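Letter by letter, the chains look like this.
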Number of protein chains: 2
Amino acid sequence: MPDETQDFNPLSLDNQLCFPLYAASRELTRHYKPFLDPLGLTYPQYVTMMALWEHDEVKVGELGERVHLDSATLTPLLKRLEARGYVSRRRSTTDERAVIVSLTNEGRDLREKALSVPSCIANCISMDPSEAVQLKALLEKLIGSLA
Amino acid sequence: MPDETQDFNPLSLDNQLCFPLYAASRELTRHYKPFLDPLGLTYPQYVTMMALWEHDEVKVGELGERVHLDSATLTPLLKRLEARGYVSRRRSTTDERAVIVSLTNEGRDLREKALSVPSCIANCISMDPSEAVQLKALLEKLIGSLA
DNA sequence: CGTTAATATCTTGTGTGCGATTATCTAAGG
DNA sequence: CCTTAGATAATCGCACACAAGATATTAACG
């Protein structure tokens, strides 16, 4: 019988919020891989493309704010997307410091092929939809609380 | 006025569970840094140490199962912890394939200094404790559902 | 106009993550 | 024994992630 009065261990993995958050993020990312491989995208690239499908012709900094990545991560990632032919990068003519990221036709077309990805992932998650919605809301609340 | 009948966009970042999960994980990790720097630990190293503080003298594979990391990530991470003097690695005498990871005295002592970290982080999260508990439960459910 | 501060991106260095491969060792069968 | 299948880490290659610093441009101010 476990002793109910035993000391609470603040460093136990089972008492941490950070640990399941960290593990869940990587586990979910791993599950995207088989669906993203045919598109020639990694998971961070997929997230970046989703942001661009919503709104392109944006500066690197604006894009980074949207996906919570800084330019040190985005610059090489965008260069790889450019090499793939999905995006183009050009200096702004009005502000030579800024780089404008836009979708190529191929990048725009890729969206059609990506449309089925969310439902493929949904099938991998045997979780009540209402719970998934609740989880998403709590995660967004956490992000807001950390800002 | 937004049109309530407009098409649902499955690829909108705002409709994804993966995106806030990915962002929240990195944001939270970032918030650990100022508290982990004085300990000489990165966030994944901290997680690994927490697992070892609970139970050391374990094989690399067992440790990896606990923290959801494979040997390609753990081996160099453990070598850095070894270089720091926090852990030791030795081949098992009974099974020469296995490497046993154990804490050094210095590694064990580090736990005392780390005891305050969880409460420091808790202070950073302006979130109802019951919501945090709920979030943790939902994350664990998600991990289980993906397994 | 010239100097300085602010902005925006890029580069470099360190440390993960993980797929794929390799090397070593154990165990099981013949 | 010997071969072989399975187990276990380590290694390699590529792609993030981010701090810190470098570079280039713009804006602000006297």
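Rules used in this analysis
- Residues numbered from 1 in each chain as written.
- Chains lettered and ligands numbered in written order.
- Predicted model: local features only at pLDDT ≥ 70, side-chain atom pairs only at ≥ 80, totals over all residues.
- Heavy atoms only, no water.
- Phe/Tyr/Trp six-rings, centres within 6.5 Å; stacked < 30°, edge-to-face > 60°.
- Helix = DSSP H or I, 4+ residues; strand = E, 2+ residues; numbered from the N terminus.
- Buried < 20%, exposed > 50% of the residue type's maximum accessible area, 1.4 Å probe, protein only.
- Axes fitted to C-alpha atoms, helices over the stretch in contact; angles between N-to-C directions.
- Left-handed = near helix turned anticlockwise from the far one by under 90°.
- Contact = heavy atoms within 4.5 Å.
- Nonpolar A, V, L, I, M, F, W, Y, C, P; charged D, E, K, R; others polar.
- Salt bridge = Lys/Arg side-chain N within 4 Å of Asp/Glu carboxyl O.

Turning to the packing of aromatic side chains, a few remarks are in order. The description of an aromatic ring pair uses the distance of the two centres, along with the angle that the planes make with each other. In this structure the tally under the stated criterion is 8 aromatic pairs over all chains. Ring centres 5.1 Å apart and planes at 55 degrees place the aromatic pair Tyr32 of chain A and Tyr43 of chain A in the tilted group. Of this pair, Tyr32 of chain A sits in helix α1 (residues 18-36) while Tyr43 of chain A sits in helix α2 (residues 43-54), and the two are 11 residues apart along the sequence. Comparing Tyr32 of chain A with Tyr43 of chain A, the two get one shared label, buried. Ring centres 5.6 Å apart and planes at 40 degrees place the aromatic pair Tyr32 of chain A and Tyr46 of chain A in the tilted group. One end of the pair, Tyr32 of chain A, is in helix α1; the other, Tyr46 of chain A, is in helix α2, and 14 residues separate them in sequence. Of the two residues examined, Tyr32 of chain A and Tyr46 of chain A, each falls in the buried class. Grouping aromatic residues by their ring pairs yields a cluster made of Tyr22 of chain A together with Tyr32, Tyr43 and Tyr46 of chain B.

The N-to-C vectors of helix α7 (residues 129-146) of chain A and helix α1 (residues 18-36) of chain B enclose an angle of 35 degrees; their axes lie 9 Å apart at closest approach. Judged by the sense of rotation from one axis to the other, the crossing of α7 of chain A with α1 of chain B is left-handed. Contact residues: α7 of chain A offers Lys136, Leu139, Glu140, Leu142, Ile143 and Leu146 of chain A, while α1 of chain B offers Pro20, Leu21, Ala23, Ala24, Glu27, Leu28 and His31 of chain B. Among the residues forming the contact of α7 of chain A with α1 of chain B, the class breakdown is 9 nonpolar, 1 polar and 3 charged.

The next subject is the pattern of salt bridges. For the coordinates displayed, the defined rule picks out 17 salt bridges over all chains. Asp37 of chain A is the partner of Lys33 of chain A in a salt bridge, and the nearest nitrogen-oxygen pair spans 3.1 Å. Take Lys33 of chain A: its relative accessible area is 49%, and that puts it in the partly exposed class. A salt bridge links Asp56 of chain B to Arg108 of chain B, with the shortest nitrogen-to-oxygen separation between them at 3.6 Å. In this pair, Asp56 of chain B sits in the loop between α2 (43-54) and β1 (58-59) while Arg108 of chain B sits in helix α5 (residues 105-114), placing the two residues 52 residues apart along the sequence. With relative accessibility at 17%, the residue Asp56 of chain B sits in the buried group.

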